[in-house]
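Understanding the architecture of this molecule
These are the residues of each chain, in order.
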Amino acid sequence: MAETKVSKNSGDDSPEGDSDSVNADEPSFGQIGQGILKTAPIAINRDEYLQAYRDLSFDRYQLQLKNNLLHRRLGEYYKKRKLDHVLKPIEGAQELEEKFQQKLLTYEELKEKEEREMRDIRRKLEAVQFTYEDKLEHAEKNFNNLQQLEKSTGTGLIYSKKGKPIADKTVERFLTLQRRKSEQASALCLRYIRCRNAVADLEVIVRKLECLGPGLYVAQYEQLHIDNQNYSTKIEEREDELIRNRSKCTEHNQILAHIREKMHHTDEVIDFAECDLGDAEIEFLRAREDLGQVKSRRDKLRWSLQGERLRAGLLTRKDLLRDYQDATDEVVSLREKKVQLQEQVRDITKEVRNARKRMVHHSNIQNAVTDD
C-alpha cells in the first residue's frame, strides 16, 4: 500500500508537475517553487527540484523495501496459519474494484446529503434557539414585571388579625419563594414534556418493533411460533407412535415367521401322524382279528368251565364254600389264640416260681436274724 501511494505521488518525474500538484493540494505549507509561476515564471532553480526528486526517490525506495519486507512477513504469517488462500489473487478484482468505486461514490453522495441535512437542521435549530431565547426573555421580563407589581402592591400592607404592617423582608422572602417555586414548576413541566416525548418515541419504536412488515405483527409471529411448537410436539408424538408401530410390525413379522415355521413343522408332524395313523389302522385291523380269536378262545374256555362246574357238583355252591372258608379262618384264629394263652401261662408260672424263691430267701433271712 505504501508503495502504491508513493508511486502515485512520484509517478510524474517532471518537477513542474510535482510542484503544481503540491501547490494545488496544500498551498499553505510553503513547498518548493510555490508561487513561482505567478511571480517569476522564468527564474526556476532546477538543482533544488533535482535534489527534491532524489530525496523523494530515496524515500520511495526505502518505503518500497519496507513494503516488500512487510509483504514477506505477511506471507510467512499466512503460511504458518495455513491461510494460503489469502495470498492467491482474487478472481474478478477489476469488477470488485469498480463496485468499490461505485460504493465510494454512493458514500460521498450520502455524505454530502447528510451534510446538507445537518446544515438545514443547524439552521432550523438556530431559528428555534433564537425563538426560544426571545420567548424566554419575554417571559422573564413579564415575570419580573409581575414581581415588581407584587412587590409594590405588598409593601405597606397590614395584617388583618395583628394590625401590624408587613415587613419588606417578608415580601422579599415571599417573592423569592414564588420565583423558586415557579422555577421548580417550569423544571417539572420541562421534565414532564421530555418524559412525554420519550414515551411517545418509545411507543412509536414499540409499534415499529411489533410490526414486522405490512400486515405482520409480533403477536401473530408469537402465535405462529406457539403453533409451530405445538405442531412440532405433535409431529414428535406421531414419530414416536410410528417408531412403536414399526417395532410392533417387526415383532409381528417375527411372530408370523415363527408361526410359519411352526406350521411347516406341524405339516411335517401331520404327515408323520398320517403315516402313523395308517400303521395304527393296520394294527387296529390286526387287533380286531386277534380280538375275534380271543373271543372264540374265551367262549371255548367258558364252555369248558361250565363242564367242569357240572363235574365239580357241590364245589360250585358259594354259600357252602363261604362257610368252609369261615370255619377254616376260625380254626386258624383259635390256634393263634391258643398259642398266645400258652405263652401267657408260661410267663405267669415263671413269675410265680420267682416269687416263691424270693419268699423262701426272705424267710431264711428273717430266721437268721431271729437266731442272732
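Residues numbered from 1 in each chain as written. Predicted model: local features only at pLDDT ≥ 70, side-chain atom pairs only at ≥ 80, totals over all residues. Heavy atoms only, no water.

1. A word on the overall build of the protein chain
We apply this condition: Comment: elements are numbered from the N terminus, with helices defined as DSSP H or I runs of at least four residues and strands as E runs of at least two. A 1.4 Å probe rolled over the protein chains alone gives each residue an accessible area, and that area as a share of the maximum for its type sets the label: buried under 20%, exposed over 50%, partly exposed in between. Residue contacts are counted whenever heavy atoms from the two residues lie within 4.5 Å of one another. Computed by Shrake-Rupley with a 1.4 Å probe, the accessible areas treat only the displayed protein chains as cover when residues are assessed.
When you go through the protein chain residue by residue, the secondary structure sums to eight helices and two strands. Looking at the 372 residues of the protein chain, the share that counts as buried comes to 5%. Put simply, 36% of the contacts in the protein chain that link residues at least 6 apart link residues at least 24 apart. Counting only carbon and sulfur atoms, one obtains 57% of the accessible surface of the protein chain, whose full area is about 34200 Å².

2. Considerations on the packing of aromatic side chains
To be explicit about the condition: Centre distance within 6.5 Å is the pairing criterion for rings of Phe, Tyr and Trp, where only the six-membered ring of Trp is used; planes under 30 degrees apart are then read as stacked, over 60 as edge-to-face, and the remainder as tilted. Criterion for a charge above a ring: Arg CZ or Lys NZ at most 6 Å from the ring centre, at most 35 degrees from the ring normal.
Here the structure, examined in full by the defined rule, presents one aromatic pair. Positioned above the aromatic ring of Phe-174 is the side chain of Arg-173, whose terminal nitrogen or guanidinium carbon lies 5.3 Å from the ring centre.

3. Examining the pattern of salt bridges
Selection criterion: A pair is scored as a salt bridge if a Lys or Arg side-chain nitrogen falls within 4 Å of a carboxyl oxygen belonging to Asp or Glu.
Overall, the coordinates contain four salt bridges when judged by the stated rule. Residue Arg-123 pairs with Asp-120 through a salt bridge whose shortest N-O separation is 2.8 Å. Taken together, the residues Arg-123 and Asp-120, both in helix α5 (residues 93–154) and three residues apart, mark about one turn of the helix. The salt bridge partner of Arg-298 is Asp-299, with a shortest N-O separation of 3.6 Å. Judged by relative accessible area, which is 25%, Asp-299 ranks as partly exposed.

4. Structural notes on the UniProt feature "coiled-coil region" (unreviewed entry) in the protein chain
Quick note on the threshold: UniProt positions are given in the numbering used here, feature names are shortened, and annotations may be inferred rather than shown by experiment.
Sites flagged by UniProt as "coiled-coil region" (unreviewed entry) map to residues 93–131 and 317–358. Regarding residues 93–131, the helix share stands at 100% and the strand share at 0%, and the terminal C-alpha atoms are separated by 56 Å.

5. Quick look at helix α4 (residues 46–80)
For the record, the criterion: Helix span, expected: 1.5 Å multiplied by one less than the number of residues in the helix.
Taking 1.5 Å per residue as the helical rise, α4 with its 35 residues ought to reach 51 Å, and the 50 Å between its terminal C-alpha atoms agrees with that figure. When we look at burial in α4, the residues that qualify are Tyr-49, Ala-52, Asn-67 and Gly-75. Positioned one or two residues after α4, Lys-82 has a phi angle of 60 degrees, which is positive.

6. Section: the layout of surface pockets
Inclusion rule: Only protein atoms enter the 1 Å grid, on which a cavity is a set of points fitting a 1.4 Å probe that cannot get out and a pocket is an open set with protein on both sides within 12 Å along at least 5 of 7 lines, lining residues being those with an atom within 4 Å of a point. Grid points are joined across faces, edges and corners, and a volume is the space filled by probe spheres set on the points. Gly falls in the polar group here, along with every residue not listed as nonpolar (Ala, Val, Leu, Ile, Met, Phe, Trp, Tyr, Cys, Pro) or charged (Asp, Glu, Lys, Arg).
Roughly 270 Å³ of internal volume is contained in the second largest pocket. Taken together, Leu-136, Ala-139, Glu-140, Phe-143, Arg-179, Ser-182, Glu-183 and Ser-186 make up the lining of the second largest pocket. Within the residue set of the lining of the second largest pocket, elements represented by two or more residues are α5 and α6 (168–210). The class makeup of the residues in the lining of the second largest pocket is three nonpolar, two polar and three charged.

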